[in-house]
Amino acid sequence: MVIRLENLCGGYGRKQVLFDINAEIKTEEIISIVGANGCGKSTLLEIASGLMKPISGNVTVDGEDVHSMEGKKRAKLISVLSQQKSPGVLTVRALVYHGRFPYLGYPRRYTDEDRQIVEEAMQIAGVSEFADESLSELSGGQQQKAYIAMLIAQNTKIVYMDEPVTFLDINYQLELMNLIKKMQKSGKTVIMVIHDLNLAMTYSDRIMAMKDGRLISMGTPKEIYEKGVLGELFGIETHYSEKENQYFFKKL
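Residues numbered from 1 in each chain as written. Predicted model: local features only at pLDDT ≥ 70, side-chain atom pairs only at ≥ 80, totals over all residues. Heavy atoms only, no water.

*Asks:* Sorry, what's going on with the side chain of Ser134 here?
*Replies:* Position of Ser134 among the secondary structure elements: in the loop between helix H4 (112-125) and helix H5 (140-154). Leave out the neighbours within four places in its chain, and Ser134 touches Gly88, Val89, Leu90 and Thr91. (Helix = DSSP H or I, 4+ residues; strand = E, 2+ residues; numbered from the N terminus. Contact = heavy atoms within 4.5 Å.)

Given below as structure tokens:
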């Protein structure tokens, strides 16, 4: 499976915020999109996932245009974890069942297979113990794990995530990043916008570095480090410790 972004331009109304984005993403990669606030990362994610139409250019999966796909077909291929979420009064289990909607006919009736998939998704994400609790009563980290359980239940090959670990305590950040690695090992391709550079450099197969609506570099964490790309984006020095297998950053 190959995802291609070809000559992609996008924006809101008359304001263009993305310019001529070209990239190729392969099966079972973890791709992190990094860049300063307002550089177009979330807009790129919305367009690439099919939630928003581009001004021009194409997003294809194995040659098929994402924006021309029938809704259910796209929902069986692509799942999205956005920033804007409203927990409301749903229980965790009810939320995770939402991941099965693309597979239901009318009227919506869950099968034994659906129920099994939902239970397994909650177990994988580590939310089974509070499956019948309201999302609004859970911590931010627990809520995020519940939403990821919903994505797992949706069972798509491609997963887009917009800032999945922002504002979470470090223990939840690491737990969620390890969960993302587990999703990758199960055969999923994960593309995410992320602000934490250390997590991006540690967990990603490749980095997409954006500046002013343009993709200025794309490569492995090592390639991005050796080219000094993060210094250009953020005005920082980056150092890598082989002993600790960790990147360190310092403001210039």
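Read on, since the account is not over.
*Asks:* What exactly am I supposed to notice about the nonpolar core here?
*Replies:* Across soluble globular proteins, nonpolar side chains show a tendency to be buried alongside one another. Core analysis: the biggest nonpolar cluster contains 51 residues, and Val34, Val92 and Met161 have the highest contact counts within it. Among the elements that line this core, the one with the most residues is H5, at eight residues. Not counting chain neighbours up to four residues away, the residues in contact with Met161 comprise Leu45, Leu81, Ile148, Leu151, Ile180, Met183, Val190, Ile191, Met192 and Val193. In this structure, Ile21, Ile33, Val59 and Met208 belong to the second largest nonpolar core, which totals 29 residues. (Core = buried A, V, L, I, M, F, W, Y, C linked by side-chain atoms within 4.5 Å. Buried < 20%, exposed > 50% of the residue type's maximum accessible area, 1.4 Å probe, protein only.)

*Asks:* Which parts of the structure should I look at to understand the packing of H4 against H5?
*Replies:* Relative orientation and spacing of two packed helices are given, respectively, by the angle between their axes and the distance between those axes. Two elements in contact, H4 and H5, have axes separated by 8 Å at closest approach and are oriented at 135 degrees. Accordingly, the angle class assigned to the pair H4 and H5 is oblique. Handedness of the H4/H5 crossing: right-handed. The residues of H5 that touch H4, namely those facing Ile117, Ala121, Met122, Ile124 and Ala125, are Lys145, Ala149, Ile152 and Ala153. Taken together, the residues of the contact of H4 with H5 sort by class into eight nonpolar, no polar and one charged. (Axes fitted to C-alpha atoms, helices over the stretch in contact; angles between N-to-C directions. Parallel < 35°, antiparallel > 145°, perpendicular 65-115°, else oblique. Left-handed = near helix turned anticlockwise from the far one by under 90°. Nonpolar A, V, L, I, M, F, W, Y, C, P; charged D, E, K, R; others polar.)

*Asks:* Could you clarify how one ought to interpret the pattern of salt bridges in this entry?
*Replies:* When their charged atoms lie close together, side chains carrying opposite charge are able to pair. Summed over all chains, the structure comprises nine salt bridges. A salt bridge links Asp114 to Arg100; its shortest N-O distance comes to 2.9 Å. Here the residue Asp114 occupies a position in helix H4, and Arg100 occupies one in the loop between helix H3 (92-98) and H4, the gap between them amounting to 14 residues. We classify Asp114 as buried; its relative accessible area is 4%. Across the pair Asp112 and Arg115 runs a salt bridge whose closest N-O atoms are separated by 3.1 Å. Taken as a pair, Asp112 and Arg115 lie in helix H4 at a separation of three residues, close to a single helical turn. Overall, Arg115 belongs to the partly exposed group, its relative accessible area being 37%. (Salt bridge = Lys/Arg side-chain N within 4 Å of Asp/Glu carboxyl O.)

*Asks:* Looking at this model, I keep getting lost on the pairing of strand E11 (residues 236-241). Mind explaining?
*Replies:* In the case of a regular strand, side chains alternate between the two sheet surfaces. Alignment of E11 against strand E12 (residues 246-251), held across six bridges, turns out to be antiparallel. Residue pairing in the sheet places Ser241 in a bridge with Gln246 of E12. Where E11 hands over to E12, the hairpin turn is made up of four residues, of which Asn245 adopts a positive phi near 50 degrees. (Pairing = 2+ DSSP bridges.)

*Asks:* What is the right way to look at unusual backbone geometry in this model?
*Replies:* Note: most peptide bonds trans; most residues except glycine with negative phi. With phi around 55 degrees, Glu163 is a residue other than glycine that occupies positive phi space. Mapped onto the fold, Glu163 is located in the loop between strand E7 (158-162) and helix H6 (170-185). Residue classification places Glu163 among the buried positions, given a relative accessible area of 16%.

*Asks:* What exactly am I supposed to notice about the sheet that holds strand E1 (residues 2-12) here?
*Replies:* The strands making up a sheet associate through backbone hydrogen bonding, with each pair oriented either parallel or antiparallel. Strand order across the open sheet formed by four strands is E2-E1-E4-E5, with antiparallel pairing between neighbours. A strand with exactly one partner marks an edge of an open sheet, and here the two such strands are strand E2 (15-26) and strand E5 (64-65). Pairing between strand E4 (residues 56-61) and E5: two bridges, direction antiparallel. Bridge assignment links Thr60 to a residue of E5, and that residue is Asp65. Contacts from helix H1 (residues 41-48) reach E1, E2 and E4 within the one sheet, and its direction differs from that of E1 by about 120 degrees.

*Asks:* Just checking my understanding: could you explain H4 for this structure?
*Replies:* Side chains of residues three or four places apart in an α-helix project in the same direction, reflecting 3.6 residues per turn. Along its 14 residues, H4 runs 20 Å from first to last C-alpha, staying within 8% of the 20 Å computed at 1.5 Å per residue. Every buried residue belonging to H4 is among Asp114, Ile117, Val118, Ala121, Met122 and Ala125, and all of these are buried. Viewed end-on, H4 has its buried residues packed into an arc of 130 degrees, placing them on one side of the element. Counted as exposed and oriented over 90 degrees from the buried face of H4: Asp112, Glu113 and Gln123. Once H4 ends, the next one or two residues include Gly126, with phi positive near 75 degrees. (Expected span 1.5 Å × (residues − 1). Arc of directions from axis to C-beta.)

*Asks:* When you look at the packing of H5 against H6 in this model, what are you seeing that I'm missing?
*Replies:* Direction vectors running N to C along H5 and H6 enclose 10 degrees, while the axes themselves pass 10 Å from each other. With respect to H6, the axis of H5 lies roughly parallel. Residue-level inspection shows Gly141, Gln142, Gln144, Lys145, Ile148 and Ile152 of H5 in contact with H6, the latter providing Tyr172, Glu175, Leu176, Leu179 and Met183.

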